[in-house]
Amino acid sequence: MKQLTDHAFWLESSVAANCYWLDADGRTAIIDPGMTFGLNRLARELRAAGRSPYEVTDILLTHYDTDHAQSAAEWQRRTGARVWLGAADAAILTGAVPPPATPFRRFSARVALAELPANLHLLDGDAEVWPGLSALTSPGHTPGHHAFRAGRVLFTGDAALCKDGRLGPVPSFLMSDTQRGLADLARLGALDVDWYCCGHSAPQRRR
Ligand SMILES: [Zn+2]
């Protein structure tokens, strides 16, 4: 468990996508808890740091991809936490709406979709999740993708990768809407923050 700021931590043992932990005004959030295979590893990492998985009050999902969201339903069952996910992504998980018609999205839908968690709070555009934590719509990667900003820390999900203290694009074959993704990237890269916490590159200080 690597401390980034007074309130934000990187859980380094997650499997596949990066997982983060956020303490905020009496609430504790896990951001993109990742694959079910990694759930016990995260629990062990938390306990080793003197924390507990049962502290989680909120599960923040940047988007529905399995490598970010697969274990969310199980985390929710064990903790009773609120779960935050874009409405457009939840509609894909329920089957109400088909995934975007890109080869990668069709492939990933055939392999496995994450289970839709209970106690779901849907995000549909920019929103204040709670005072000091905002969701930023960024639908280039998936239709319901949201980044999260907690003060001077930005959790980008798969809207961006971090390199040399700057945000860069996720490979275009992974994007549902490439043009929209570039607009998301420009917007997020312009935010005045200190930390970039990305889904698939180590967190970095902004330069
Ligand atoms: Zn993704």
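That block above? That's the structure.
Residues numbered from 1 in each chain as written. Predicted model: local features only at pLDDT ≥ 70, side-chain atom pairs only at ≥ 80, totals over all residues. Heavy atoms only, no water.

Let's shift gears to the pairing of strand 10 (residues 146-150). It is a general feature of regular strands that their side chains alternate between the two faces of the sheet. Among the 5 residues of strand 10, 4 are classified as buried, and the element is accordingly described as predominantly covered. Hairpin connection of strand 10 to strand 11 (residues 153-157): 2 residues between the antiparallel strands, including glycine 151 at a positive phi of 60 degrees. (Buried < 20%, exposed > 50% of the residue type's maximum accessible area, 1.4 Å probe, protein only. Helix = DSSP H or I, 4+ residues; strand = E, 2+ residues; numbered from the N terminus. Pairing = 2+ DSSP bridges.)

A few words on the nonpolar core. Residues Leu11, Trp21, Ile30, Val56, Ile59, Leu61 and Trp75 are the most contacted members of the largest nonpolar core, which totals 22 residues. Among the secondary structure elements, those contributing two or more residues to this core are strand 2 (8-11), strand 3 (19-24), helix 1 (39-48), helix 3 (72-79), strand 6 (82-86) and helix 4 (87-94). Grouped together as the second largest cluster of nonpolar side chains are 21 residues, Ala24, Phe148, Ala150 and Cys197 included. (Core = buried A, V, L, I, M, F, W, Y, C linked by side-chain atoms within 4.5 Å.)

The protein atoms donating to the zinc ion are His63 (NE2), Asp65 (OD), His141 (NE2) and Asp158 (OD), with metal-donor distances spanning 2.1 to 2.2 Å. In this structure, the zinc ion is surrounded by 4 donor atoms whose angles at the metal cover 91 to 166 degrees, and the resulting shape is irregular. For the zinc ion, the single-chain donor residues occur in sequence as H-x1-D-x75-H-x16-D. Relative accessible area serves as the criterion here: at 0%, histidine 63 is assigned to the buried category. Aspartate 65 gets classed as buried once you look at its relative accessible area, which sits at 7%. (Donors = N, O, S within 2.8 Å, 3.2 Å for Na, K, Ca; no water. Tetrahedral: all angles 85-135°; square planar, octahedral: opposite > 155°, others 65-115°.)

By the element assignment, histidine 141 lies in the loop between strand 9 (133-137) and strand 10. Among the polar contacts listed, one links the side chain of histidine 141 to the side chain of histidine 63, at a separation of 3.3 Å. Filtering out sequence-adjacent residues up to four positions away, histidine 141 remains in contact with His63, Asp65, Arg105, Asp158, Leu174, Met175 and Ser176. (Polar contact = N/O pair within 3.5 Å; in protein donor to acceptor, adjacent residues only side chain to side chain. Contact = heavy atoms within 4.5 Å.)

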